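The lines below spell out each chain.
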Amino acid sequence: MSELKIGDQAPAIQAKNQNGEIVNLSDFSGKKIILYFYPKDNTPGCTTEACNFRDNYQSLLSKGFEVLGVSIDSEQSHQKFISKFELPFNLLADEDQKIVNDYGVWVEKNMYGKKYMGTARTTFVIDEKGKIEHIIKKVDNKNASQQILDLYDH
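Note that the structure is predicted; figures quoted are calculated from it, not measured.

Caption draft 1: The arrangement of the overall build of the chain in detail. Regarding its fold elements, the chain presents 5 helices and 9 strands. Taken from the N to the C terminus, the helices and strands of the chain come in the order β-β-β-α-α-β-α-β-α-β-β-β-β-α. Taken against the 2.2 N^0.38 rule, which gives 15 Å for 154 residues, the C-alpha radius of gyration of the chain at 14 Å falls within 12% of a compact globule. Dimensions along the principal axes, computed over C-alpha positions, put the chain at roughly 40 × 35 × 30 Å. Taking all 154 residues of the chain together, the buried fraction comes to 46%. Entry remark: accessible area of the chain is about 8100 Å², with carbon and sulfur atoms responsible for 49%.

Below, the structure written as structure tokens:
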């Protein structure tokens, strides 16, 4: 599959959120979407990133953004993660790895010399018409929201 680029139409998403409700990317038409992919619920880096989006959620909303997190964890795992850290946004369960594959973030990783497949922490900003406006491959977990806002502060 070819790598997604800025200006491409964002692949359609239809997935269950933490409550088992179907969420479509098209539900957010007219808003900018921060679609962030992360490896695993309740791990240190992913928690830092999610809490940064939580702490800045109101200011992101006020600027016309909606936040959607995606990982291959289950709805139940997402539910626990959300309640533990009071996350105010949807987390999508991508257990069949369709979304991570559609977005090209399911990659070979290497930890301590062991190779395995996993999710590359990546953030896509999708514009009001469903086109990819920005792709952040080097996510700063502690400043994930500011990283996005800086792209729009001209």
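Caption draft 2: A look at the packing of aromatic side chains. Tallying each qualifying case throughout the model produces 10 aromatic pairs. Judged by centre distance (5.3 Å) and plane angle (45 degrees), the rings of Phe37 and Tyr103 are tilted. Residue Phe37 is located in strand E3 (residues 32-37), and its partner Tyr103 is located in the loop between helix H4 (98-102) and strand E6 (106-111); the two are separated by 66 residues in the primary sequence. In this structure Phe37 comes out as buried when scored by relative accessible area, which is 0%. Taking the relative accessible area as the measure of exposure, Tyr103 reaches 3% and is therefore buried. Put simply, the rings of Tyr36, Tyr38, Phe53, Tyr57, Phe81, Phe85 and Phe89 touch in pairs and so form one group of aromatic residues.

Caption draft 3: Fine view of the side chain of His134. You can see His134 is positioned in strand E9 (residues 132-136). His134 sits in the buried class, given a relative accessible area of 18%. Setting aside residues no more than four positions away along its own chain, His134 makes contact with Ile6, Thr123, Phe124, Val125, Leu151 and Tyr152.

Caption draft 4: Expanded view of the side chain of Asn17. In this structure, Asn17 sits in the loop between strand E1 (14-16) and strand E2 (22-24). Assessed through its relative accessible area of 1%, Asn17 is described here as buried. From its side chain, Asn17 meets the backbone nitrogen of Asn19 in a polar contact 2.8 Å long. Contact partners of Asn17, with chain neighbours within four places excluded, come to Val23, Glu75, Asn90, Leu91 and Leu92.

Caption draft 5: Region of the structure containing the UniProt feature "active site" (unreviewed entry) in the chain. Residues annotated in UniProt with the feature "active site" (unreviewed entry) correspond here to Cys46. Tracing the backbone through its elements, the reader meets Cys46 in helix H1 (residues 44-55). For Cys46, a relative accessible area of 1% gives the class buried. Contact partners of Cys46, with chain neighbours within four places excluded, come to Tyr38, Pro39, Lys40, Phe81 and Arg121.

Caption draft 6: Looking closely at the environment of Gln79. Summarising the element assignment, Gln79 is placed in helix H3 (residues 75-85). Spatially, the C-alpha atom of Gln79 lies 19 Å from that of Gln97, the residues being 18 residues apart in sequence. Discounting residues that sit within four places of it in the chain, Gln79 has contacts with Gln18 and Asn19.

Caption draft 7: Up close: H1. Here H1 spans 16 Å end to end across 12 residues, near enough to the 16 Å set by a 1.5 Å rise per residue. For H1, the full list of buried residues reads Cys46, Thr47, Glu49, Ala50, Cys51, Asn52 and Phe53. Looking at the buried residues of H1, the elements they touch are E3, helix H2 (57-62), strand E4 (65-71), H3, strand E8 (122-126) and helix H5 (144-152).

Criteria and thresholds
- Residues numbered from 1 in each chain as written.
- Predicted model: local features only at pLDDT ≥ 70, side-chain atom pairs only at ≥ 80, totals over all residues.
- Heavy atoms only, no water.
- Helix = DSSP H or I, 4+ residues; strand = E, 2+ residues; numbered from the N terminus.
- Rg over C-alpha atoms; globule rule 2.2 N^0.38 Å.
- Buried < 20%, exposed > 50% of the residue type's maximum accessible area, 1.4 Å probe, protein only.
- Areas by Shrake-Rupley, 256 points an atom, 1.4 Å probe, with all protein chains shown as cover.
- Phe/Tyr/Trp six-rings, centres within 6.5 Å; stacked < 30°, edge-to-face > 60°.
- Contact = heavy atoms within 4.5 Å.
- Polar contact = N/O pair within 3.5 Å; in protein donor to acceptor, adjacent residues only side chain to side chain.
- UniProt positions renumbered as here; feature names shortened; annotations may be inferred.
- Expected span 1.5 Å × (residues − 1).

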